[in-house]
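Summary of the model geometry
Below are the chains, spelled out letter by letter.
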Amino acid sequence: MTTQWSWERAFEALPILLDGFKITLLATVLGFAIAAVLGLAIALIRQSAPRWVSGPVRAVSEFIRLTPLVVQLLFVYYLLTDLSALQIGIVVLGIHYSTYMAEVYRAGIDAVPVGQWEAARALSLAPSRTWRAIVLPQAIRRVVPALGNYAVSMFKDTPYLFAITVVEMVTAAQQFGARNFQYLEPLTLAGVIFLVASYPTSLLIRRLEKRLAQ
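Bear in mind the structure is a predicted one, so any value in this text is a computation, not a measurement.

1. Section: the overall build of the chain
- Scanning the chain from N- to C-terminus turns up eight helices and zero strands.
- When the helices and strands of the chain are placed in sequence order, the string is α-α-α-α-α-α-α-α.
- Reported as C-alpha extents along the three principal axes, the dimensions of the chain are approximately 75 × 45 × 20 Å.
- For the chain, with 214 residues in total, the buried portion stands at 38%.
- The long-range fraction of contacts in the chain, counting pairs at least 24 apart against all pairs at least 6 apart in sequence, stands at 78%.

2. Digging into the layout of surface pockets
- Quantified by volume, the largest pocket comes out at close to 220 Å³.
- Looking at the lining of the largest pocket, the elements that each hand over two or more residues are helix H2 (51-65), helix H3 (69-79) and helix H4 (85-110).
- With four residues, the single largest contributor to the lining of the largest pocket is H3.
- A class-by-class count of the residues in the lining of the largest pocket yields eight nonpolar, three polar and no charged.
- Taken as a whole, the second largest pocket holds about 160 Å³ of empty space.

3. Focus on unusual backbone geometry
- Non-glycine residue Thr165 carries a positive phi angle of around 75 degrees.
- Note on placement: Thr165 falls in the loop between helix H6 (127-157) and helix H7 (169-180).
- Here Thr165 falls in the exposed class, since its relative accessible area comes to 52%.
- Even without a glycine there, the phi angle at Phe181 is positive, about 55 degrees.

4. What to know about a nonpolar patch on the surface
- A grouping of Trp5, Trp7, Phe11 and Leu184 is seen on the molecular surface, where their side chains present a nonpolar patch of about 460 Å² in accessible area.
- Note on placement: Leu184 falls in helix H8 (residues 184-213).

5. A closer look at the packing of helix H1 (residues 7-48) against H4
- At a minimum axis separation of 5 Å, H1 and H4 run at an interaxial angle of 45 degrees. By the angle between their directions, the pair H1 and H4 is classed as oblique. Two packed elements cross with a definite hand, and for H1 against H4 that hand is right-handed.
- Classifying every residue of the contact of H1 with H4 gives 23 nonpolar, five polar and four charged.

6. Things to note about the side chain of Thr24
- Among the secondary structure elements, Thr24 is positioned in helix H1.
- With sequence-adjacent residues up to four places away left out, Thr24 is seen in contact with Phe155, Thr158, Glu168, Met169 and Phe194.

7. Comments concerning the packing of aromatic side chains
- Taken as a whole and assessed by the stated rule, the structure comprises nine aromatic pairs.
- Ring geometry for Tyr77 versus Tyr78: centroids 5.2 Å apart, planes at 70 degrees, classification edge-to-face.
- You can call Tyr78 exposed: its relative accessible area is 62%.
- Connected via pairs of aromatic rings, a cluster forms that spans Trp5, Trp7 and Phe11.

Reading the values: the criteria
- Residues numbered from 1 in each chain as written.
- Predicted model: local features only at pLDDT ≥ 70, side-chain atom pairs only at ≥ 80, totals over all residues.
- Heavy atoms only, no water.
- Helix = DSSP H or I, 4+ residues; strand = E, 2+ residues; numbered from the N terminus.
- Buried < 20%, exposed > 50% of the residue type's maximum accessible area, 1.4 Å probe, protein only.
- Contact = heavy atoms within 4.5 Å.
- 1 Å grid on protein atoms, 1.4 Å probe; cavity = no way out; pocket = protein on both sides within 12 Å on 5 of 7 lines; lining within 4 Å.
- Points joined across faces, edges and corners; volume = space filled by probe spheres on them.
- Nonpolar A, V, L, I, M, F, W, Y, C, P; charged D, E, K, R; others polar.
- Patch = residues over 30% accessible without salt bridge, like charges linked within 9 Å, V, L, I, M, F, W, Y side chains within 5 Å.
- Areas by Shrake-Rupley, 256 points an atom, 1.4 Å probe, with all protein chains shown as cover.
- Salt bridge = Lys/Arg side-chain N within 4 Å of Asp/Glu carboxyl O.
- Axes fitted to C-alpha atoms, helices over the stretch in contact; angles between N-to-C directions.
- Parallel < 35°, antiparallel > 145°, perpendicular 65-115°, else oblique.
- Left-handed = near helix turned anticlockwise from the far one by under 90°.
- Phe/Tyr/Trp six-rings, centres within 6.5 Å; stacked < 30°, edge-to-face > 60°.

Fair warning: the whole summary comes from geometry, so function is off the table for now.
Take a look at the structure:
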């Protein structure tokens, strides 16, 4: 094992890392979709459902949010043996991050001016239409940048999937290094790929945040 950079090894590792990147990207996109939808559902339940419903939902949400992602991955992996490791990883990522996104949605809902609710009641709008036509469009517009930041965080947390044998990009880099006894090139390339994918997204989120603040 040497610590000198080899472009030959780097080019040899790159296709393997890109295959792992596809898994990383798939887990992020599908996990984010689950988190965004489920997080909104949790927020709506906690805001509008009776206490006997919202209380247990809040307790479960807090439990998930305050326990380590790796523990959740391992627990579900050994509990649900009929699903593939990737399916479990996507679902657990989505559920874990939904608890954070629920808090973001709730903050957005609370930021809707009271006058909007009063105007809806004055117009005798049904509660469902009030939520659908007045409250949620304003709330979601406010929280889009924060949701984008959680998408980036989820992307960076996908290496935790190694715990349940999912060969995402970092695991692919480690496996390449173990086969060739050279870790410098694959791990460096994995870090660069994460940076190249994350940085433009962060800039886009920042730009979107400024535009929505106007």
